[in-house]
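So the chains spell out like this:
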Amino acid sequence: MTPKRYLVTSALPYANGPIHIGHIAGAYLPADIYVRYLKANQKDVAFICGSDEHGAAITLRAKKEGKSPREIVDFYHALMGKAFADFGIEFDEYYRTSSADHIEMSQSVFSKLKEQGVFETHTTEQYFDEEAQQFLADRYITGTCPKCSSEKAYGDQCEKCGSALSPTELIHPVSTLSGKAPVLRETTHWYLPMQNHSDWIREFIEKGILNGEVHHDPNQWKSHVVGQCLSWVDGGLQARAMTRDLDWGVPVPGEDGKVLYVWLDAPIGYITNTKVWAEKQGKNWEDYWKNDDTQLVHFIGKDNIVFHCIIFPIILKAHGDFILPKNVPANEFMNLEGDKISTSRNWAVWLHEYLEDFPNRQDEMRYVLASIMPEQKDSEFTWTDFKDRVNNELADIVGNFVNRVFVLTHKYFDGAVQSAATSEFDHIRQEALESFQTIGQKIELYRFREAQSAAIQLARIGNKLLTETEPWKIYKTDPEKTGEILNICTQLIAAMAIAFEPFLPFTAQKLKAGLNWNGKSWNELSSMEIIPVGHILGEMPILFVKITDEEVTRQQEKLRAAQLSNKVAEPVKEDVSFETFQNMDLRIVHVLEAEKVPKTKKLLKLKIQLGSEERTVISGIAESYEPQDLIGKNVLYLANLAPREIKGVVSSGMILMAENNKGELSLLSPERPTESGNCVR
Ligand SMILES: [Zn+2]
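Quick caveat: nothing in here was measured; it's all calculated off a predicted structure.

A. Examining the pairing of strand S20 (residues 613-619) more closely. Direction of pairing for strand S19 (residues 604-610) relative to S20: antiparallel, over a ladder of seven bridges. Directly across from leucine 606, in S20, lies its bridge partner valine 617.

Take a look at the structure:
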């Protein structure tokens, strides 16, 4: 069935920080390419996004900065909206979940689900801060991780070892509001019993069947998306709380102090924002959300897969009025200069900063991000690779080709397009048409890297033609053939002006302006006779300025400097007297032997030499060092820590180590040769 209309959404970005290039490559650029292509083909499309403005992470951030949640979301909503627009991500609607429209929409969805008996209520014990007089969201509780003993684990997750936690698992929980230990109190919430839906969800994901009918072709879904969903379903779906005790969010109708779970309210934002857009357009929003001939496509990053493929579809189907997504082409992650992109560690290229540092060079970044888009597996952005792709591909292939054609046409023919009546270059026309068609086919399969590559192929074809025929050499003897070659090249540039629109929209505009031509729509291009004979070309600006080594170095340094300035060292402990310090007996010791402690991951048993004495010490460094790497080293050692028994071995003293941000341990060795047993003062 050919869809009558398209509803395309990009993940609602969370309004507690700016947008970085990893977000763009994941959920926004692919959607924008897809939508621009559909619009170039005169499809009925709504491209919907907006800020996700609820949840405990917003209130926590507000508290940290001494601001109100409203101030936080207002600031980031404006910052993100402007960055998207400046980068050419052209949403039809970029609205917000803290709006009155959205509160009304999500309350009405919740109330209908409640009336239909979709939820069940459960009373559980949750942590309550008696001083602040409120229940604590998971993020408001910190404590010691039961898995790795990190003292900075959150109630929902330990960032050090990555374990998912629940607040009651934390050892020594502390409220971040009062700094006191919270108490457990009973509270009642509405739960979505997802286990009741696992059969149809499995059929939907695995076979593309909904209500016994074919809904979509599951083979067109990415295998990692299907895989992640099925492993979730196989693991057993469970009831999930859909409300929270919090004062920032969509109020649960008729309940004081309770709000909707942010992952219930946020995706409903797609519906609200469609309605807001449709009303401005004089359209009926229900056509987009309630008609089966609408193709709903969610563009997201892989961290949102289960929410969009399992939880939200359950809500939509249980509600009864809404359609379900035809595809969720989630991307994997993009890394940056050898490390994961991280907002908290400030390891990111922020979109608004890129736009300031490289004004009017949106297409350069769009091009590189689409070239390395993490469609099937994680990918990596580096500034060196950015420079190479811009210089060697955009400037040398596209820019150079267009420039040569314009210079030669103006020089020989005063800018007039010449006749190309012979069939000598038909194979070139054919090749170009095939590349052009490939672009559309690949976009419809959500393969944007290949689609963009096919668009650039048009310039490669032209460059090859120029190199092989060298029209500047034959003009004197054969001006007619020179004109014909330049005609073909001009047609290629016109095809590029159409084909580049989804990927490089700013360049597409420049090409049209330079060609002195208004362009044609995508499906009007059926032959390579686009620009008529006799048409006069305008002036073409330099399309791409090369990226310099200095620009690369500046960006690399900026990245490292931002990360350093963001690093807040652990607070320094209380002062101690010199006498107390002197009580610690620090020595340099020599490692004689090292072996793994059986049945443990982290522990090594070391035999060390302290002067003429030999000692045994257990050390938790097995994940950072192999035993053989330690033998023969001189290391720092606390000699008078009272012996204790670990795994049946008496361990004397302690080997001292530093830890880096990745959690790797590092032994501390003296800079100059130092004899074992010597004191450290
Ligand atoms: Zn942990």
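B. Structural view of the side chain of aspartate 245. Assignment of secondary structure puts aspartate 245 in strand S13 (residues 243-245). Classification of aspartate 245 by relative accessible area gives buried; the value is 12%. One polar contact links aspartate 245 to histidine 189, side chain to side chain, over a distance of 2.7 Å. At a separation of 2.9 Å, a polar atom in the side chain of aspartate 245 contacts the side chain of lysine 258. Ignoring any residue separated from it by four or fewer positions in sequence, one finds aspartate 245 in contact with Gln126, Phe135, Thr187, His189, Gly257 and Lys258.

C. Layout of the coordination of the zinc ion. Those donors, Cys145 (SG), Cys148 (SG), Cys158 (SG) and Cys161 (SG), are the protein atoms that reach the zinc ion, and they lie 2.3 Å from it. Because the angles between the four donor atoms bound to the zinc ion fall within 107 to 111°, the donor set is best described as tetrahedral. Between consecutive donors of the zinc ion, the numbers of intervening residues give the motif C-x2-C-x9-C-x2-C. Taken together, the residues cysteine 145 in the loop between strand S6 (141-144) and strand S7 (153-154) and cysteine 158 in the loop between S7 and strand S8 (171-175) connect sequence positions 13 residues apart. Cysteine 158 shares its class with cysteine 145; the two are buried.

D. Region of interest: helix H4 (residues 100-115). Over its 16 residues, H4 extends 22 Å from the first C-alpha to the last, a length consistent with the 22 Å expected when each residue adds 1.5 Å. Within H4, burial applies to His102, Met105, Ser106, Val109, Phe110 and Leu113. On an axial view of H4, the arc spanned by its buried residues comes to 130°, and they lie on one face. When the buried face of H4 is taken as reference, the exposed residues oriented beyond 90 degrees from it are Ala100, Glu104 and Glu115.

E. Highlighting the sheet that holds S8. Across the sheet, which stays open at both edges, the three strands sit in the order S7-S6-S8 with antiparallel pairing between neighbours. If you trace the sheet from one side to the other, it starts and ends with S7 and S8, each paired once. By the bridge criterion, three bridges tie S6 to S8 in an arrangement that is antiparallel. Each bridged residue has a counterpart across the sheet, and for isoleucine 141 the counterpart in S8 is serine 175.

F. Seen up close, the domain arrangement of the protein chain. The domains assigned to the protein chain are domain 1 (5-112 + 261-331), domain 2 (117-223), domain 3 (351-524) and domain 4 (578-680). The C-alpha centroid of domain 3 is placed 49 Å from the C-alpha centroid of domain 2.

G. Broad picture of the nonpolar core. With 178 residues, the main nonpolar core has Val8, Tyr34, Trp289, Phe381, Phe401 and Ile439 as its most contacted residues. Leave out the neighbours within four places in its chain, and tyrosine 34 touches Tyr6, Val8, Gln295, Val297, Phe299, Ile443, Tyr446 and Phe448. Within the second largest apolar cluster, 17 residues are counted, among which are Val589, Val591, Leu606 and Ile655.

H. The pattern of salt bridges, seen in detail. The final tally for this structure, using the stated rule, is 44 salt bridges. In this structure, lysine 4 engages aspartate 293 in a salt bridge whose closest nitrogen and oxygen atoms are separated by 3.6 Å. Taken together, the positions of lysine 4 in the segment before strand S1 (5-10) and aspartate 293 in the loop between helix H8 (285-290) and strand S15 (294-299) put the pair 289 residues apart, joining distant regions of the chain. For aspartate 293, a relative accessible area of 18% translates into the label buried. The salt bridge partner of lysine 558 is aspartate 357, with a shortest N-O separation of 2.6 Å.

I. Representation of the packing of helix H13 (residues 426-444) against helix H16 (residues 479-499) within the structure. Direction vectors running N to C along H13 and H16 enclose 5°, while the axes themselves pass 11 Å from each other. The angle between H13 and H16 falls in the class roughly parallel. Contact residues: Ile428, Arg429, Ala432, Phe436 and Ile439 in H13; Ile488, Leu492, Ala495, Ile498 and Ala499 in H16. Of the residues that constitute the contact of H13 with H16, the class distribution is nine nonpolar, no polar and one charged.

How each quantity is defined
- Residue numbers restart at each chain and count upward from 1, following the sequence in its written direction.
- This being a predicted model, a pLDDT of at least 70 is required before a residue's local features are given, and a value of 80 or more before pairs of side-chain atoms are given or counted; all residues contribute to the totals for chains, interfaces and linings.
- Hydrogens and water are ignored here; the side-chain numbers use all heavy atoms of the structure.
- Paired strands, as defined in this entry, are two strands with at least two bridges between them according to DSSP.
- Runs of E in the DSSP output that reach at least two residues are strands. Runs of H or I that reach at least four are helices, and both are numbered from the N terminus.
- Residue exposure (1.4 Å probe, protein chains only): buried if accessible area is under 20% of the type maximum, exposed if over 50%, otherwise partly exposed.
- Whenever two N or O atoms come within 3.5 Å, that pair is a polar contact, provided that in protein one can donate a hydrogen and the other can accept it, and provided that, for residues adjacent in sequence, both atoms are side-chain atoms.
- Any two residues whose heavy atoms approach within 4.5 Å are treated as being in contact.
- Only nitrogen, oxygen and sulfur atoms qualify as donors, provided they sit within 2.8 Å of the metal or within 3.2 Å for Na, K and Ca; with water excluded from the atoms, sites may seem incomplete.
- The rule is simple: four donors are tetrahedral if all their angles sit between 85 and 135 degrees, four are square planar and six octahedral if opposite donors span more than 155 degrees and the others lie between 65 and 115, and anything that fits none of that is irregular.
- A helix is expected to span 1.5 Å multiplied by its residue count minus one.
- Directions drawn from the helix axis to the C-beta atoms are what define this arc.
- Annotation comment: domain bounds sourced from an automatic or database domain assignment.
- What makes a nonpolar core is a set of buried Ala, Val, Leu, Ile, Met, Phe, Trp, Tyr and Cys residues whose side-chain atoms join them at distances within 4.5 Å.
- A pairing counts as a salt bridge when a side-chain nitrogen of Lys or Arg comes within 4 Å of a carboxyl oxygen of Asp or Glu.
- With axes taken as lines fitted to C-alpha atoms, and helix axes fitted only over the stretch in contact, angles between N-to-C directions fall between 0 and 180 degrees.
- By definition in this entry, angles of less than 35 degrees are roughly parallel, angles greater than 145 are roughly antiparallel, angles of 65 to 115 are roughly perpendicular, and the rest are oblique.
- Under the scheme applied, nonpolar residues are Ala, Val, Leu, Ile, Met, Phe, Trp, Tyr, Cys and Pro; charged residues are Asp, Glu, Lys and Arg; polar residues are all the others, including Gly.

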